[in-house]
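# Observations on the model geometry
Residues per chain, in single letters:
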Amino acid sequence: MSSFTQRIQNLTGTSPKAKALAQHDDDVVIVAAVRSAITKAKKGGFKDTRPEEILSGVLRAVYTKAGVNPALIGDITVGNVLPAGGGATAARMAALHSGIPNTVPISTVNRQCASGLQAVNIIASQIAAGQIDLGIGAGVESMTFGYGGGAMPDGFSEAVLSNQEAEDCLLPMGITSENVAADFGISREAQDAFAAKSFQKAAAAQKAGKFKDEIVPLKVKWVDPKTEQEKEIVVDHDDGVRDGVTPESLAKLKPVFKKDGSTHAGNASQVSDGAAAVLLARRSAAKKLGLPIVGKFVAAAYTGVPPRIMGVGPAYAIPKVLEQTGLSKDDVDFYEINEAFASQAVFSVEKLGIPFEKVNVNGGAIAMGHPLGCTGARQVATGLNIAKQTGGKLFCTSMCIGSGMGMAALFVSEQ
């Protein structure tokens, strides 16, 4: 597109960005988005709380915040990667416990680390198709209860494993991080600098109270590991955030997955517990019901990448969603890119050619944690909160996906 054509489009209001920002009655809008605090698995505030209880808390909070009669919710989809017993029953239990009547249906979905965003996209698609007027896309994970050897099957088909890429799907995520670093020359120093910055941004944001508007405080039972006494606590902050982290302090940590590797506990996402929920509606329905409109769902896209370097997903999913909408990377005011590992985050940002200053403004999963099924929905709540704080309008969320995929979505803030 020539610069003259671009200027004419901007003047006439027909540019892709103008189209994204425009408001129409058939838009899919967001009327509320919330998340729980994210806590350290087996150590943090939710270590004694089952995932359905965390999920119940955010479901109740999201419809209450929007002032929605829960009986009007058309459907709920919950992203969950490590559910015990299949997951659908626990999600249904959480919805009923949250005060949502039994007339409202629910399903669970697993697209690995994109599950929460997948849930949002499913509900948005149902609204766009005219199947429902309102719905909740949510995500939850308790890596305290669901993560580890018990979540693995007892074996795989030898015939299927004879395909190299199929076998690569079983690579430990940390090895895929090492592969990205080795294949694309992402140095240990670059990874540690990125990780330290994530901690520094998150610590500064937490000190300034910048997460308060997106976090729902939840009252839970907690067993003191020293006294073994059970007490009731309010979990209202991300307990994995650490102040004072520097590249120099991270440089002292030993690599975990390869003796001569570069991925370690300080430049990889934390193993965590948490939940998030996004309440979406058709704009005409939201206006008719007098609901607050805080944002708009624009588009989402998926892509596949080689399983052995699964972390590169955002570098290919983001261009796909931009092409779908005609937007340029510079049209986007800021990006929420999940920090599964510093290696893949650095590669993705550099491959995309976007300024690091526009990525994870308040820190990311290295500092806050990555409850697998929750993250995709959490990023929407975080993005809307950042937009309100900064005045940004158009933002993009994205993540890599275990087994070799990427997903990205675009949202507009209308706050």
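What comes next is a walk through the structure. (Residues numbered from 1 in each chain as written. Predicted model: local features only at pLDDT ≥ 70, side-chain atom pairs only at ≥ 80, totals over all residues. Heavy atoms only, no water.)

### Thoughts on the nonpolar core
The criterion, for reference: Only buried residues count toward a nonpolar core. Its members are Ala, Val, Leu, Ile, Met, Phe, Trp, Tyr and Cys residues joined through side-chain atoms within 4.5 Å. Exposed residues in this analysis have more than 50% of their type's maximum accessible area, buried residues have under 20%, and partly exposed residues fall in between, with area computed by a 1.4 Å probe over protein chains only. A run of H or I in DSSP counts as a helix once it spans at least four residues, and a run of E counts as a strand once it spans at least two, with each numbered from the N terminus. Whether two residues touch is decided by their heavy atoms; if any such pair falls within 4.5 Å, the residues are in contact.
Core analysis: the biggest nonpolar cluster contains 64 residues, and Leu 55, Leu 59, Ile 76, Ile 100 and Ile 136 have the highest contact counts within it. Tallying contributions element by element places helix α3 (residues 51–66) first for this core, with 8 residues. Among all residues touching Ile 76, those that are not within four sequence positions of it are Leu 59, Ala 95, Ile 100, Val 104, Pro 105, Ile 106, Ser 107, Ile 123 and Ile 136. Listed in part, the 30 residues of the second largest apolar core include Ile 30, Ile 123, Ile 132 and Phe 334.

### Re the packing of aromatic side chains
Formally: The pairing test for Phe, Tyr and Trp rings, Trp by its six-membered ring, is centres within 6.5 Å, and the orientation test on the planes gives stacked under 30 degrees, edge-to-face over 60, and tilted for anything in between. A ring has a charge above it when a Lys NZ or an Arg CZ is no more than 6 Å from the ring centre and no more than 35 degrees off the ring normal.
Enumeration over the complete set of coordinates arrives at 5 aromatic pairs. Here Arg 111 stacks its cationic end above the ring of Tyr 302, 3.9 Å away from the centre of that ring.

### Here's the deal with the packing of α3 against helix α4 (residues 88–97)
Applied cut-off: Helix axes are fitted only over the stretch in contact, all axes being lines through C-alpha atoms; the angle between N-to-C directions runs from 0 to 180 degrees. An angle counts as roughly parallel when it lies under 35 degrees, as roughly antiparallel when it exceeds 145, as roughly perpendicular when it falls between 65 and 115, and as oblique in every other case. Rotating anticlockwise by less than a right angle from the far helix to the near helix defines a left-handed crossing, while the corresponding clockwise rotation defines a right-handed one. Amino acids outside the nonpolar list (Ala, Val, Leu, Ile, Met, Phe, Trp, Tyr, Cys, Pro) and the charged list (Asp, Glu, Lys, Arg) are all regarded as polar, and Gly is one of them.
In contact at an axis separation of 8 Å, α3 and α4 are set at 45° when each is read in the N-to-C sense. The angle between α3 and α4 falls in the class oblique. Considering only the axes of α3 and α4, their crossing is right-handed. Residues Glu 52, Leu 55, Ser 56, Leu 59 and Arg 60 of α3 lie in contact with α4, whose contacting residues are Ala 90, Ala 91, Ala 94, Ala 95 and His 97. Each residue belonging to the contact of α3 with α4 can be placed in one class, and the counts come to 6 nonpolar, 2 polar and 2 charged.

### Some remarks on α4
Our working definition: For this quantity, the arc is that covered by the directions from the helix axis to the C-beta atoms.
Taken together, the buried positions of α4 are occupied by Ala 91, Ala 94 and Ala 95. Viewed along the axis of α4, the buried residues span an arc of 100°, placing them on a single side of the element. In α4, the exposed positions that point more than 90 degrees away from the buried face belong to Thr 89 and His 97. Those residues of α4 that are buried lie in contact with α3, β3 (75–79) and β4 (106–109).

### Quick word on the packing of helix α13 (residues 313–325) against helix α14 (residues 342–352)
When two helices pack together, their arrangement is captured by the angle between the axes and the distance separating the axes. The N-to-C vectors of α13 and α14 enclose an angle of 35°; their axes lie 8 Å apart at closest approach. Only Gln 344, Phe 347, Ser 348, Lys 351 and Leu 352 of α14 make contact with α13, whose side of the interface consists of Pro 314, Ala 315, Tyr 316, Ile 318 and Pro 319. When the residues that make up the contact of α13 with α14 are grouped by side-chain class, the tally is 7 nonpolar, 2 polar and 1 charged.

### Re a nonpolar patch on the surface
The criterion, for reference: The patch calculation keeps residues exceeding 30% relative accessible area without a salt bridge and links them within 9 Å when they carry like charges or within 5 Å when they are nonpolar (Val, Leu, Ile, Met, Phe, Trp, Tyr). All accessibility values rest on the Shrake-Rupley procedure with a 1.4 Å probe; residue burial counts only the protein chains present in the view. Note on definitions: salt bridges are taken to be side-chain nitrogens of Lys or Arg within 4 Å of carboxyl oxygens of Asp or Glu.
On the surface, Met 152, Phe 156 and Leu 170 cluster together to form a nonpolar patch covering roughly 300 Å² of accessible area. Along the chain, Phe 156 falls in the loop between α6 (143–146) and α7 (158–161). Judged by its relative accessible area of 43%, Phe 156 is partly exposed.

### Describing α14
Here α14 lies mainly inside the structure; 9 of its 11 residues are buried. Among the residues of α14, those classed as buried are Ala 342, Ser 343, Gln 344, Ala 345, Val 346, Phe 347, Ser 348, Val 349 and Leu 352. Packed against the buried residues of α14 are α9 (173–184), α10 (188–207), α13, β10 (334–337), α15 (365–368) and β11 (394–401). In the stretch just after α14, Gly 353 is the one whose phi turns positive, near 75°.

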